[in-house]
Amino acid sequence: MSRDRSLRAALRPSAALLALLACAACATARGPAAGPDVGERIRRVENGLRTYHEVRGETAPPLSIEERLRFYRVPAVSVAVINDGRIEWARAWGEAEAGSGVRVDTTTLFQAASISKPVAAVAALRLVEQGVLSLDEDVNVKLRSWKVPDGPHTAAEKVTLRRLLSHSAGTTVHGFPGYAAGAAVPTVVQVLDGSAPANTRPVRVDTVPGALWRYSGGGYTIAQLLMSDVTGKPFAELMREQVLAPAGMHRSTYAQPLPAERAARAATAHRNDGTPIPGKHHTYPEQAAAGLWTTPSDLARLAIEVQRAYAGQTGRVITPATARLMLATQAGAYGLGFGVNGQADSLWFEHGGSNAGFQSYFAALAETGQGLVIMTNGDAGFPLAMEILRAVAREYGLPGGRPRERDAVAVDAAALAQLAGSYATVETGSRPPFVVELRVEGGMLTASLPNLGWRGRRLRASAPDTFFFLESPGELSFERDASGAVIAAELRGLGQTVRVVRR
């Protein structure tokens, strides 16, 4: 993993963090609940966003969703909140494409990205219930159009469906970048073999299956082919029959590329700078791993089906036994499809998603009938989603509603001006430098990190030469030479320490 990639990964909400932030946001097939206070709850959430850090003793003004969309250069966000086992409300803000004037609504489609995986896992488990697949059989027994290559790692242990769904099969390829509009799109077999026109390496087994947990979109692509091979059906059709239609997810589809008749209802993907991706979005033949187009309300409907089955109710999608198996820890902090954490009435299941120009998050409590789905059409959507998570958690009295408080010291304008400037790593070779651009804006030091897509992130000082970010984890500390001049800075707390030298 490159330095830039590891830092970006560190900015994503961890499973433990999202356990704390699990908001009252689940959706049911019964539709929105009526209640005189729901409108006021929505207003408090949309105008009550707060940053990752706040300064102890200071009253931070609440932030609105509309202003944070502008700050992060994310054109739109769509949210569904589940409470008492039903969709209590759903709401969308912003534009389907920046500058278009076309407002999103709760029926606008977004790419779910990796949230595609747990939905695909539900289909796989239904096929297990039907006796078509086995969780613990070598997948090569039923794969027809491709086989997992044999090697020293598969001599004693085999790749099984259970291991694929729990990211413990030893398979490679973390994720997929997708294919730009107009580009040739490979078949699933070409993706698995890494052959042209695939843009990722071959999916192979490079550790003993079952030995460790390691996230693998490649493994889910094997599961996709397995499901199509045993049913003889295209994956999008299979998913519609097995999951989307039974769960009431009627606006959702795994069709890749997105059919023209649905394109008018789809949000456009956007880069960190807020500009649309050429061609509006990428295509993902790795459908099980990244190919679902959906809405927060549709994903909330699936969450409710899982919650009901987990509670022992006869559901339309999976049985109680399968729901409990799905949410039982298999490897790492992962069940079969979902990340899981906690126990009893605090057991929750979650997943994030990040495709080119789309970021999303899904979190639901297994037993309390609460949950939240947030979908955005921008590469900077995660920090916005976290701020919404905090607002919903606070409104519904759930843990995680408060920002982390830090002590801060005052730094005068002259001292801040000494810190402003451009800093970068000193490296040779083809790797681009990691850059930090510091400015003083509104009496506050701000940082733009082009490698991470950050713009104008605000900093406060915990000591004269040590600053923390308000919008995210991480600290920036400065180095001085013997004369007291600032010569470098060190960025910490984002998964890796990076030293940048003043230019």
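Throughout this document, residue positions are counted from 1 along each chain, in the order its sequence is written. With pLDDT at 70 or above as the cut-off, local features in this predicted model cover only qualifying residues; side-chain atom pairs require 80 or more to be listed or tallied, and sums for whole chains, interfaces and linings still use all residues. Note that the side-chain values use all heavy atoms of the structure and ignore hydrogens as well as water.

**Focus: the packing of aromatic side chains**
Item 1. When two rings of Phe, Tyr or Trp (its six-membered ring) have centres within 6.5 Å they constitute a pair, described as stacked for plane angles under 30 degrees, edge-to-face for angles over 60, and tilted for the intermediate range. One pass over the structure, following the stated rule, counts 13 aromatic pairs.
Item 2. Consider the rings of Phe235 and Tyr254, whose centres lie 5.5 Å apart with planes at 90°: the pair is edge-to-face. Residue Phe235 is found in helix 9 (residues 235–244), and its partner Tyr254 is found in the loop between helix 9 and helix 10 (260–263); the two are separated by 19 residues along the sequence. An identical accessibility class is assigned to Phe235 and Tyr254; each is buried.
Item 3. Ring geometry for Phe467 versus Phe478: centroids 5.8 Å apart, planes at 90°, classification edge-to-face. Strands here are runs of E lasting at least two residues and helices are runs of H or I lasting at least four, both read from the DSSP assignment and numbered beginning at the N terminus. Each residue is assigned to one of three classes by its accessible area relative to the maximum for its type, calculated with a 1.4 Å probe on protein chains only: buried under 20%, partly exposed between the two thresholds, exposed over 50%.

**A word on the pattern of salt bridges**
Two side chains of opposite charge can pair, provided their charged atoms sit close to one another.
Item 1. Just to be clear on terms, a salt bridge is a Lys or Arg side-chain nitrogen sitting within 4 Å of an Asp or Glu carboxyl oxygen. Under the defined criterion, the tally for this structure stands at 34 salt bridges.
Item 2. Arg50 is paired through a salt bridge with Glu54; the nearest N and O atoms lie 2.8 Å apart.
Item 3. Look at Arg50 and you get buried, because its relative accessible area is 17%.
Item 4. By relative accessible area, which is 7% here, Glu54 ends up buried.
Item 5. In this structure, the salt-bridge partner of Arg271 is Asp379, at a minimum N-O distance of 3.9 Å. Separated by 108 residues along the polypeptide, Arg271 in the loop between helix 10 and helix 11 (287–290) and Asp379 in the loop between strand 9 (371–376) and helix 14 (381–395) bring together distant segments of the chain.
Item 6. According to the relative accessible area criterion, Arg271 is partly exposed, its value standing at 34%.
Item 7. Note on Asp379: relative accessible area 18%, which makes it buried.

**Quick notes on the sheet that holds strand 14 (residues 454–463)**
Item 1. The eight strands are arranged 11-12-13-14-15-16-17-18 in a closed barrel whose pairing can be described as antiparallel. In this sheet, adjacent strand axes meet at a mean angle of 30° when their direction is disregarded.
Item 2. At least two DSSP bridges between two strands are needed for those strands to be called paired. Alignment of strand 11 (residues 421–424) against strand 18 (residues 498–502), held across two bridges, turns out to be antiparallel. Looking across to strand 18, one finds that Tyr423 is bridged to Arg502. Only the stretch in contact is used when fitting a helix axis, every axis being a line fitted to C-alpha atoms; angles between N-to-C directions are given from 0 to 180 degrees.

**Describing the sheet that holds strand 6 (residues 339–341)**
Item 1. Spatially, 3-2-9-8-7-6 is the arrangement adopted by the six strands of the open sheet, whose pairing is antiparallel. At either margin of the open sheet sits one strand with a lone partner, and together these are strand 3 (86–94) and strand 6. The sheet shows a mean angle of 10° between the axes of neighbouring strands, direction not considered.
Item 2. Sheet analysis places strand 2 (residues 76–83) next to strand 9, joined by six bridges and oriented antiparallel. Paired with Val77 across the strands is Thr376, a residue of strand 9.
Item 3. Whether two residues touch is decided by their heavy atoms; if any such pair falls within 4.5 Å, the residues are in contact. Relative to the sheet, helix 4 (residues 65–72) contacts strand 2 and strand 3, its axis offset from that of strand 3 by approximately 50°.

**Considerations on the packing of helix 5 (residues 116–129) against helix 9**
Item 1. Axis separation between helix 5 and helix 9 bottoms out at 9 Å; the angle between their running directions is 75°. One way to sum up the angle between helix 5 and helix 9 is to call them roughly perpendicular. Across from Val119, Ala120, Val122, Ala123, Arg126 and Leu127 in helix 5, the residues of helix 9 making contact are Phe235, Met239, Gln242, Val243 and Leu244.
Item 2. Class assignment of the residues belonging to the contact of helix 5 with helix 9 gives a composition of nine nonpolar, one polar and one charged. Convention used here: angles under 35 degrees read as roughly parallel, angles over 145 as roughly antiparallel, angles from 65 to 115 as roughly perpendicular, and any remaining angle as oblique. For this classification, Asp, Glu, Lys and Arg are treated as charged, while Ala, Val, Leu, Ile, Met, Phe, Trp, Tyr, Cys and Pro are nonpolar and the rest, including Gly, are polar.

**Considering the confidence of the model for the protein**
Item 1. Along the chain, pLDDT gives the predictor's confidence residue by residue, from 0 to 100. Confidence in the prediction of the protein, expressed as mean pLDDT, is 91, and 92% of residues score 70 or more.
Item 2. Between residues 1–34, whose pLDDT stays under 50, and residues either more than four places distant or in other chains, the model counts 118 contacts.

**A look at the nonpolar core**
Item 1. By nonpolar core we mean a set of buried residues, namely Ala, Val, Leu, Ile, Met, Phe, Trp, Tyr and Cys, connected to one another through side-chain atoms within 4.5 Å. Grouped together as the largest cluster of nonpolar side chains are 87 residues, with contacts concentrated most on Leu327 and Phe349.
Item 2. Apart from residues no more than four positions distant in its own chain, Leu327 is found in contact with Val306, Tyr310, Phe338, Val340, Leu347, Phe349 and Ala366.
Item 3. Listed in part, the 28 residues of the second largest apolar core include Ala380, Leu384, Ala385 and Val392.

**Overview of the environment of Trp454**
Item 1. On the secondary structure map, Trp454 appears in strand 14.
Item 2. Sequence separation between Trp454 and Val436 is 18 residues; the distance between their C-alpha atoms is 9.5 Å.

**Details of the pairing of strand 14**
Item 1. Relative to strand 14, strand 13 (residues 444–449) runs antiparallel, the two sharing four bridges. Bridge pairing links Leu449 to Trp454 in strand 14.
Item 2. In textbook terms, the turn of a hairpin is the stretch between consecutive antiparallel strands, and for strand 13 and strand 14 this stretch comprises four residues, one of which, Gly453, has a positive phi near 75°.
Item 3. Note that strand 14 and strand 15 (residues 466–469) share four bridges and pair antiparallel. Across the sheet, residue Leu459 finds its bridge partner in strand 15, namely Phe469.

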